[in-house]
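Structural description and commentary
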Amino acid sequence: MTLMVQANVLPVLQTRRNSPTTLDLLKLTKHPFFLVFDYGCFMKGAYNNYLLGGSPYLGMCTSVTDDFVMYNSQELPVALSDSRKAVRGHLRGEAYLVSLPTLMKMDHAYYNYRKFQRRSIMVELGDQKGRSPNPFITKAFAYIGIDHVWKELGLPTCRFFYENNKKVYEWA
(Lines give C-alpha, C1' and ligand atoms only; values in the text may rest on other atoms or scores of the structure.)
Protein backbone atom coordinates (compact mmCIF):
# COMPACT_ATOMS: atom_id res chain seq x y z
CA MET A 1 0.00 0.00 0.00
CA THR A 2 2.75 2.45 0.88
CA LEU A 3 4.55 1.79 -2.40
CA MET A 4 1.34 2.38 -4.33
CA VAL A 5 0.76 5.71 -2.56
CA GLN A 6 4.33 6.79 -3.23
CA ALA A 7 4.08 5.77 -6.88
CA ASN A 8 0.88 7.82 -7.27
CA VAL A 9 2.41 10.98 -5.81
CA LEU A 10 5.96 10.93 -7.15
CA PRO A 11 5.15 13.17 -10.15
CA VAL A 12 3.96 15.85 -7.70
CA LEU A 13 7.08 15.45 -5.57
CA GLN A 14 9.38 17.30 -7.97
CA THR A 15 9.48 21.06 -8.55
CA ARG A 16 10.55 22.76 -11.77
CA ARG A 17 14.21 22.42 -10.82
CA ASN A 18 13.71 18.75 -10.00
CA SER A 19 14.29 19.25 -6.27
CA PRO A 20 12.07 17.52 -3.72
CA THR A 21 9.38 19.55 -1.97
CA THR A 22 8.23 16.81 0.42
CA LEU A 23 11.45 15.89 2.19
CA ASP A 24 9.61 14.16 5.03
CA LEU A 25 7.67 11.79 2.73
CA LEU A 26 8.54 8.55 4.54
CA LYS A 27 7.46 9.98 7.89
CA LEU A 28 4.18 11.23 6.40
CA THR A 29 3.20 7.88 4.85
CA LYS A 30 2.35 6.65 8.37
CA HIS A 31 -0.77 8.87 8.39
CA PRO A 32 -3.71 8.72 5.97
CA PHE A 33 -4.96 12.31 6.51
CA PHE A 34 -3.64 15.66 7.71
CA LEU A 35 -5.26 18.78 9.12
CA VAL A 36 -4.12 21.80 7.08
CA PHE A 37 -4.67 25.46 7.90
CA ASP A 38 -4.58 27.67 4.81
CA TYR A 39 -4.76 31.46 4.90
CA GLY A 40 -4.55 32.18 1.18
CA CYS A 41 -4.45 30.56 -2.23
CA PHE A 42 -6.19 27.28 -1.27
CA MET A 43 -9.18 28.92 0.44
CA LYS A 44 -12.69 28.75 -1.05
CA GLY A 45 -12.83 30.78 -4.24
CA ALA A 46 -9.02 31.11 -4.49
CA TYR A 47 -7.17 29.96 -7.58
CA ASN A 48 -5.57 26.80 -6.06
CA ASN A 49 -8.67 25.55 -4.25
CA TYR A 50 -9.35 23.04 -7.04
CA LEU A 51 -6.15 21.18 -6.05
CA LEU A 52 -7.84 20.16 -2.78
CA GLY A 53 -9.95 17.80 -4.90
CA GLY A 54 -12.94 17.49 -2.61
CA SER A 55 -10.99 17.45 0.67
CA PRO A 56 -13.41 18.10 3.54
CA TYR A 57 -13.68 21.76 4.56
CA LEU A 58 -13.74 21.94 8.37
CA GLY A 59 -14.46 25.64 8.80
CA MET A 60 -12.74 28.92 9.52
CA CYS A 61 -9.92 28.95 12.02
CA THR A 62 -7.40 31.28 13.63
CA SER A 63 -3.83 30.72 14.74
CA VAL A 64 -3.63 30.46 18.53
CA THR A 65 -0.40 32.45 18.84
CA ASP A 66 0.14 35.96 17.55
CA ASP A 67 3.62 35.33 16.18
CA PHE A 68 2.91 36.29 12.57
CA VAL A 69 2.77 39.14 10.10
CA MET A 70 0.96 38.58 6.82
CA TYR A 71 2.26 40.27 3.69
CA ASN A 72 0.59 40.63 0.31
CA SER A 73 2.74 39.49 -2.61
CA GLN A 74 -0.14 40.16 -5.07
CA GLU A 75 -0.73 36.56 -6.14
CA LEU A 76 -0.68 35.10 -2.61
CA PRO A 77 -0.33 36.10 1.01
CA VAL A 78 2.88 35.31 2.88
CA ALA A 79 2.86 34.81 6.64
CA LEU A 80 6.21 35.27 8.36
CA SER A 81 7.15 34.74 11.97
CA ASP A 82 7.95 38.10 13.53
CA SER A 83 9.27 39.07 16.94
CA ARG A 84 8.21 42.73 16.70
CA LYS A 85 5.27 43.03 19.09
CA ALA A 86 3.86 46.12 17.33
CA VAL A 87 3.21 44.39 14.01
CA ARG A 88 2.57 40.74 14.77
CA GLY A 89 -0.86 39.16 15.05
CA HIS A 90 -2.97 36.05 14.52
CA LEU A 91 -3.72 34.50 11.12
CA ARG A 92 -7.30 33.85 9.91
CA GLY A 93 -7.90 31.10 7.36
CA GLU A 94 -9.66 27.81 6.63
CA ALA A 95 -9.09 24.25 7.81
CA TYR A 96 -9.16 21.20 5.54
CA LEU A 97 -8.60 17.50 6.07
CA VAL A 98 -6.31 16.39 3.23
CA SER A 99 -4.80 13.12 2.02
CA LEU A 100 -1.07 12.59 1.50
CA PRO A 101 -1.26 13.12 -2.30
CA THR A 102 -3.14 16.39 -1.71
CA LEU A 103 -0.62 17.50 0.92
CA MET A 104 2.13 16.85 -1.61
CA LYS A 105 0.30 18.99 -4.19
CA MET A 106 0.18 21.77 -1.61
CA ASP A 107 3.91 21.30 -0.91
CA HIS A 108 4.56 21.67 -4.62
CA ALA A 109 2.35 24.76 -5.02
CA TYR A 110 3.98 26.48 -2.04
CA TYR A 111 7.54 25.46 -3.04
CA ASN A 112 7.92 23.79 0.35
CA TYR A 113 11.48 24.21 1.69
CA ARG A 114 12.27 26.78 -1.02
CA LYS A 115 9.85 29.69 -0.46
CA PHE A 116 7.64 28.37 2.35
CA GLN A 117 8.04 25.78 5.05
CA ARG A 118 5.21 23.50 6.12
CA ARG A 119 5.09 23.84 9.89
CA SER A 120 2.83 22.53 12.59
CA ILE A 121 1.07 25.38 14.40
CA MET A 122 -1.74 25.53 16.95
CA VAL A 123 -5.10 26.65 15.54
CA GLU A 124 -8.54 27.32 16.96
CA LEU A 125 -11.37 25.90 14.86
CA GLY A 126 -14.50 28.00 15.01
CA ASP A 127 -17.69 28.84 13.17
CA GLN A 128 -17.97 30.50 9.73
CA LYS A 129 -16.31 33.64 11.10
CA GLY A 130 -13.63 31.74 12.99
CA ARG A 131 -15.26 32.26 16.37
CA SER A 132 -16.87 29.74 18.66
CA PRO A 133 -18.10 29.79 22.28
CA ASN A 134 -16.41 26.38 22.71
CA PRO A 135 -13.32 26.51 20.52
CA PHE A 136 -11.51 23.36 19.48
CA ILE A 137 -7.76 23.88 19.64
CA THR A 138 -5.45 21.51 17.78
CA LYS A 139 -2.29 21.31 15.68
CA ALA A 140 -2.46 21.82 11.93
CA PHE A 141 0.04 22.17 9.12
CA ALA A 142 0.46 25.70 7.76
CA TYR A 143 2.78 27.09 5.10
CA ILE A 144 4.87 29.86 6.66
CA GLY A 145 7.19 31.95 4.49
CA ILE A 146 10.94 31.50 4.77
CA ASP A 147 12.27 34.82 6.10
CA HIS A 148 15.32 35.34 3.89
CA VAL A 149 13.24 34.75 0.75
CA TRP A 150 10.51 37.31 1.51
CA LYS A 151 11.77 39.95 4.00
CA GLU A 152 13.91 41.93 1.56
CA LEU A 153 11.07 42.44 -0.95
CA GLY A 154 9.37 45.26 0.98
CA LEU A 155 5.87 43.79 0.55
CA PRO A 156 2.86 45.62 2.02
CA THR A 157 1.08 43.98 4.93
CA CYS A 158 -2.33 42.41 4.42
CA ARG A 159 -5.52 43.78 5.89
CA PHE A 160 -5.95 43.25 9.61
CA PHE A 161 -8.64 43.93 12.17
CA TYR A 162 -9.06 43.70 15.91
CA GLU A 163 -11.32 41.06 17.41
CA ASN A 164 -11.61 40.64 21.19
CA ASN A 165 -8.48 42.77 21.62
CA LYS A 166 -6.49 40.52 19.24
CA LYS A 167 -4.89 41.69 16.01
CA VAL A 168 -5.98 39.30 13.22
CA TYR A 169 -4.54 39.25 9.68
CA GLU A 170 -6.79 38.15 6.83
CA TRP A 171 -6.18 37.93 3.08
CA ALA A 172 -9.01 39.49 1.11
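Heads up: the structure comes first, above all this text.
All values derive from a computational prediction rather than experimental measurement.

Calculation notes
- Residues numbered from 1 in each chain as written.
- Predicted model: local features only at pLDDT ≥ 70, side-chain atom pairs only at ≥ 80, totals over all residues.
- Heavy atoms only, no water.
- Helix = DSSP H or I, 4+ residues; strand = E, 2+ residues; numbered from the N terminus.
- Buried < 20%, exposed > 50% of the residue type's maximum accessible area, 1.4 Å probe, protein only.
- Pairing = 2+ DSSP bridges.
- Polar contact = N/O pair within 3.5 Å; in protein donor to acceptor, adjacent residues only side chain to side chain.
- Salt bridge = Lys/Arg side-chain N within 4 Å of Asp/Glu carboxyl O.

This part covers unusual backbone geometry. Despite not being glycine, Asn164 shows a phi value in the positive range, around 50°. Relative to the helices and strands, Asn164 resides in the loop between strand S8 (160–163) and strand S9 (166–169). Within the chain, Asn165 stands out as a residue other than glycine whose phi angle is a positive 60°. Residue position: Asn165 is located in the loop between S8 and S9.

Attention now goes to the pairing of strand S4 (residues 77–81). Most of S4 is tucked away, with four of its five residues classed as buried. Pairing between strand S3 (residues 68–72) and S4: five bridges, direction antiparallel. Within S4, the residue paired with Val69 across the bridge is Leu80. Linking two consecutive strands that pair antiparallel, namely S3 and S4, is a turn of four residues; a positive phi of about 75° is found at Gln74 within it.

Position of Arg92 among the secondary structure elements: in strand S5 (residues 90–99). Accessibility expressed as a relative area gives 4% for Arg92, which makes it buried. Within polar-contact distance, the side chain of Arg92 engages the side chain of Thr62 at 2.8 Å.

Before going further, it helps to examine the pattern of salt bridges. Per the counting criterion, the structure on display carries four salt bridges. Note that Arg92 and Glu163 form a salt bridge whose closest N and O atoms lie 2.8 Å from each other. With Arg92 in strand S5 and Glu163 in strand S8, this pair connects stretches of sequence that are 71 residues apart. Note on accessibility: Arg92 and Glu163 belong to one class, buried. Asp107 is paired through a salt bridge with Arg118; the nearest N and O atoms lie 2.9 Å apart. With a gap of eleven residues between them, Asp107 in helix H3 (residues 100–109) and Arg118 in strand S6 (residues 116–125) connect regions that are remote in the sequence. Summarising the burial analysis for this pair, Asp107 and Arg118 share the class buried.

Treat this as a map of the structure, not an account of what it does.
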